[in-house]
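Residue-level structure breakdown
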Amino acid sequence: SGLGREYALAFAERGAFVVVNDLGGDIKGGGKSSTAADKVVAEIKAKGGTAVANYGRYIISDLFQRASHVTKVSPPLHCFMADLINRVHLRGSFLVTRAAWDHMKKQKFGRIIMTSSAAGIYGNFGQANYSTAKLGLLGFSNTLAIEGQKYNIYCNTIAPTAGSRLTQTVMAQDLLDFFKVEYVSPLVLWLCHEQCEENGSLFEVGGGWIAKLRWERTQGAILRHQNQSMSPEAVRDHWDKICNFQNATKPAMNQLLEVLSAVDIDTGLAGNPTSAYRLVSLSPSQLSAVGQKLAEVEFSYSNMQTILYALGVGMSTKEPDHLKFLYEGDSEFSCLPTFGVIPSQSVLAHGGLSTIKGLNIDYTRLLHGEHYLELYKPLPTSGKLTSRGMIADVLDKGSGMVVLVDAHTYNGQELVCYNQFTLFLVGMGGFGKKTSDKAKVAPCCRQAPLCLFQAALYRLSGDFNPLHIDPSFAALGGYKTPILHGLCSFGFAARHVLKHYANNDVSKFKSIKVRFVKPVLPGQTLQTEMWKEGSRIHLQCRVGNTGDVVLTSAYVDLQDITDAAPLDRLPETRGLQSDLVFAEIGHRIKDFGPELVRKVNAVFQWEITQGGRTAAQWTINLKSGTGSLQKGPYSGKPDVTFTLSDEDFMKVVQGKLDPQKAFFAGKLKAKGNIMLSQKLETILKDYAKF
């Protein structure tokens, strides 16, 4: 009658098939009745939803039997916790999850929400059994998040505060009114949505307030050294350092692997604040490389360097709002956020990697594969910064070796930014380690022409690799001409996002992650495609001249965005808004054409109207070859032809207008094999991501 009822009603309202389970007991766990479950099922059916009641333990089994499927439910394991509280909260959650797990794996989708409690997180007097069970759910959830991720099964934990029959005996009525159950269910529904990629997180929620929690870890102290004993007195003497949360990190897992490689180091550790080390078999040489530190470097710069960098990534005096990045006398003179890569790359310069034992770096085989940058505060326009680098991990990718390098950059004692370089060394694989949990994981449209001297200009910011300026050196790498720096494209993309979504306010920039997939040549046009989900801007970059994707798996995280658009909101464009949608469909056909042809095998024609007249015609041919998108009349006979206005087309794509209702209302006209329209979801949802 509390949170469970609210979840059931909310899911059913959005089209879910709901199994309502309630044993019908009282608040002490005694008694039995079907009334509670039946009442909620009746509410759902009265509103046009689909639901069935379940009064026992085998919830998942009942679900699949009712759906005419056969499922096997393993007999319950003997649980060492005989206490009722643990059996209800911890073991009950375990059994239900285990019964559903194989089905989720098979369908390659699952969303699991564990319900913990503030008593489990913080403890509470007189609730030892309850808090034990509730914190146990968090550990269970964290493990499921790791094990389920590769199957698209995400698991998160909530700690709700809500008025229910259990809290109405201890809460005043005004508090019960404040903590209504409907203030919790929106978080649960979002975490269960297929677009939500949150995994392994913990949230407090109640009264309309939602907050994400995470652990902090001190830098710690290494008290064990080779040929030396470790004593309680050493622990006592280092206690302040062990408990000092200055420069604390935010870990995802333990730090033992770093400790193994730092036993002989007297100083503290400075690892990746998001590190999650997986204990795998490494050769002694690779193990000795992981955790090794690069030489600390200082980077002094003036206004000239920040301006030169802005010019290097395409800022121009032709745009009035670019002046704040190009003129030191401007009242809002600022440093572009992606300038943060410049001081950090100094840790790799001057042969820094070649000093690391166990790597044996061959610089002629070195490529920059991915990059992650996170800012903790806006960068000063001039000053002296210090960067400290460390080898975070070494991976075997078969055809080569990947080296993850973490670099923390400080202004005095204050951490201002963090970079992670993902470096690929061609032909140096074959040593066994394939994955890492330490790696950082990756519309409207803006275009920017690259001048022929773009690479020559960008290199003046400090990346003097001859690959970007010397034709003979570029030829050694198989390129006909010197190529643009990957971090220059990185800067172009970031400033496009900053301009479009943050009005060039550098204080709103938090972090950026990209993967470099193809080189860009000076003189080409760089096209950045962006779409917004909350405070995260997803993006990819193409070469406008060829359509080739050059940056992918990319995103920018912004902060303090007050005008967040709904998830389904698309940016307005001049002319027909539907042109943007078809452009994106065209990109997806180019990327996934053969697979779409195999799945869809149909030709769809669209007639888009505006003001009662046909304004555009589009043909999606997924019946032959690798598929194609054509603007204009179709020479053959399409399987289905749809006619609707540009405005209604956008509503359908965004989920604001049900196609079936539009058809019966006369807004959507269709002729041909109408049943093939069911396959449009494959195009619009699974591939075009609308």
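An unreviewed UniProt entry lists the protein under the name Hydroxysteroid (17-beta) dehydrogenase 4, with Scleropages formosus given as the organism. According to its UniProt record, the protein has this under Subcellular location (unreviewed entry): "Peroxisome". Quoted verbatim from the Sequence similarities (unreviewed entry) field of the UniProt record, the comment on the protein reads "Belongs to the short-chain dehydrogenases/reductases (SDR) family."

Position of Ser 635 among the secondary structure elements: in the loop between β19 (628–631) and β20 (640–645). Judged by its relative accessible area of 77%, Ser 635 is exposed. Ser 635 sits 16 residues away from Thr 619 along the chain, and the two C-alpha atoms are 9.9 Å apart.

Moving on, we get to unusual backbone geometry. The backbone of Asn 503 sits at a positive phi, close to 55°, despite the residue not being glycine. By the secondary structure assignment, Asn 503 is in the loop between α18 (486–502) and β13 (509–516).

Mapped onto the fold, Ala 670 is located in strand β21 (residues 669–672). Classification of Ala 670 as partly exposed rests on a relative accessible area of 22%. As for Ala 670 and Leu 644, which are separated by 26 residues in sequence, their C-alpha atoms are 9.1 Å apart. Sequence-distant contacts of Ala 670, that is, excluding residues within four places in its chain, are made with Thr 641, Phe 642 and Phe 663.

The first and last C-alpha atoms of helix α4 (residues 84–107) sit 34 Å apart over 24 residues, in line with the 34 Å expected at 1.5 Å per residue. Along α4, the sharpest kink reaches roughly 35°, centred on Arg 91. All of the buried residues along α4 are Asn 86, Leu 90, Ser 93, Thr 97, Ala 99, Ala 100, Trp 101, His 103 and Met 104. Where α4 ends, the next residue or the one after it, Lys 108, has phi of about 55°, a positive value.

If you walk across this open sheet you meet the five strands as β19-β18-β17-β20-β21, and the pairing is mixed. Each edge of the open sheet is held by one strand with a lone partner, namely β19 and β21. The mean angle between the axes of side-by-side strands here comes to 15°, regardless of whether they run parallel or antiparallel. In the packing of helix α19 (residues 578–600) onto the sheet, contacts are made with β17 (602–610), β18 (613–622) and β19, and the angle to β18 comes to roughly 25°. Contacts from helix α20 (residues 646–653) reach β17 and β20, with the element oriented near 110° to β20.

The geometry of two aromatic rings is summed up by the distance between their centres and the angle between their planes. Tallied over the entire structure, the rule returns 13 aromatic pairs. When the centroid spacing of 5.2 Å and the interplanar angle of 50° are considered together, the rings of Tyr 301 and Phe 339 count as tilted. Note that Tyr 301 is positioned in strand β7 (residues 297–301) and Phe 339 in the loop between α14 (323–326) and α15 (341–344), a separation of 38 residues in sequence. Phe 339 shares its class with Tyr 301; the two are buried. The rings of Phe 582, Phe 604, Trp 606, Trp 618, Phe 642 and Phe 649 are connected pair by pair, giving a single aromatic cluster. Above the ring of Tyr 410, the side-chain terminus of Arg 388 is found at 4.3 Å from the ring centroid. In this arrangement the basic side chain of Arg 536 is found over the ring face of Tyr 555, its NZ or CZ atom lying 3.7 Å from the centre.

The subject of this paragraph is the pattern of salt bridges. Taken as a whole and assessed by the stated rule, the structure comprises 17 salt bridges. Where Asp 548 meets Lys 518, a salt bridge forms, and the shortest distance between an N and an O atom there is 3.9 Å. Pair noted here: Asp 548 is in the loop between β15 (536–543) and β16 (549–558) and Lys 518 is in the loop between β13 and β14 (525–533), with a separation of 30 residues, a long-range link. Overall, Asp 548 belongs to the partly exposed group, its relative accessible area being 28%. Lys 518 sits in the partly exposed class, given a relative accessible area of 46%. A salt bridge links Lys 651 to Glu 647, with the shortest nitrogen-to-oxygen separation between them at 3.6 Å. Of this pair, Lys 651 and Glu 647 are both found in helix α20, four residues apart, which corresponds to roughly one turn of the helix. For Lys 651, a relative accessible area of 30% puts it in the partly exposed group. Bridged by salt links that share partners, the residues Glu 370, Lys 513 and Arg 515 form one connected network.

Our focus in this paragraph is the sheet that holds strand β3 (residues 110–115). Strand order in the open sheet made by the four strands is β3-β4-β5-β6, with mixed pairing throughout. Each having just a single partner strand, β3 and β6 (209–213) make up the two edges of the open sheet. Between one strand and the next, the sheet's axes are offset by a mean angle of 30°, whatever the strand orientation. In this structure, strand β4 (residues 153–160) lies alongside strand β5 (residues 202–206), joined through four bridges in parallel fashion. Across the sheet, the residue bridging to Ile 158 is Phe 203, located in β5. Those strands touched by helix α6 (residues 128–148) are β3, β4 and β5, and its axis lies near 160° from that of β4.

A separate point is the environment of Ile 589. As for its placement among the helices and strands, Ile 589 is situated in helix α19. Considering only alpha carbons, one finds Ile 589 and Ile 620, 31 residues apart in sequence, at a separation of 8.9 Å. Leaving out residues up to four positions away in the same chain, Ile 589 has contacts with Leu 596, Ile 620, Leu 622, Thr 626, Gly 627, Ser 628 and Leu 629.

Two elements in contact, α4 and α6, have axes separated by 7 Å at closest approach and are oriented at 20°. Judged by the angle between their axes, α4 and α6 are roughly parallel. As for how α4 packs across α6, the hand of that crossing is right-handed. For the pair formed by α4 and α6, the contact residues are Ile 85, Asn 86, His 89, Leu 90, Ser 93, Phe 94, Thr 97 and Trp 101 on the first element and Asn 129, Tyr 130, Thr 132, Ala 133, Lys 134, Gly 136, Leu 137, Phe 140, Leu 144, Glu 147 and Gly 148 on the second. A class-by-class count of the residues in the contact of α4 with α6 yields nine nonpolar, eight polar and two charged.

On to the side chain of Ser 201, then. Among the secondary structure elements, Ser 201 is positioned in the loop between α8 (185–192) and β5. Look at Ser 201 and you get buried, because its relative accessible area is 6%. Residue contacts for Ser 201: discarding those within four places in its chain leaves Cys 155, Asn 156, Thr 157 and Lys 212.

Thresholds, definitions, all that
- Residues numbered from 1 in each chain as written.
- Predicted model: local features only at pLDDT ≥ 70, side-chain atom pairs only at ≥ 80, totals over all residues.
- Heavy atoms only, no water.
- UniProt positions renumbered as here; feature names shortened; annotations may be inferred.
- Helix = DSSP H or I, 4+ residues; strand = E, 2+ residues; numbered from the N terminus.
- Buried < 20%, exposed > 50% of the residue type's maximum accessible area, 1.4 Å probe, protein only.
- Contact = heavy atoms within 4.5 Å.
- Expected span 1.5 Å × (residues − 1).
- Bend = angle between axes of the 7 residues up to and from the residue.
- Pairing = 2+ DSSP bridges.
- Axes fitted to C-alpha atoms, helices over the stretch in contact; angles between N-to-C directions.
- Phe/Tyr/Trp six-rings, centres within 6.5 Å; stacked < 30°, edge-to-face > 60°.
- Lys NZ or Arg CZ within 6 Å of the ring centre and 35° of its normal.
- Salt bridge = Lys/Arg side-chain N within 4 Å of Asp/Glu carboxyl O.
- Parallel < 35°, antiparallel > 145°, perpendicular 65-115°, else oblique.
- Left-handed = near helix turned anticlockwise from the far one by under 90°.
- Nonpolar A, V, L, I, M, F, W, Y, C, P; charged D, E, K, R; others polar.

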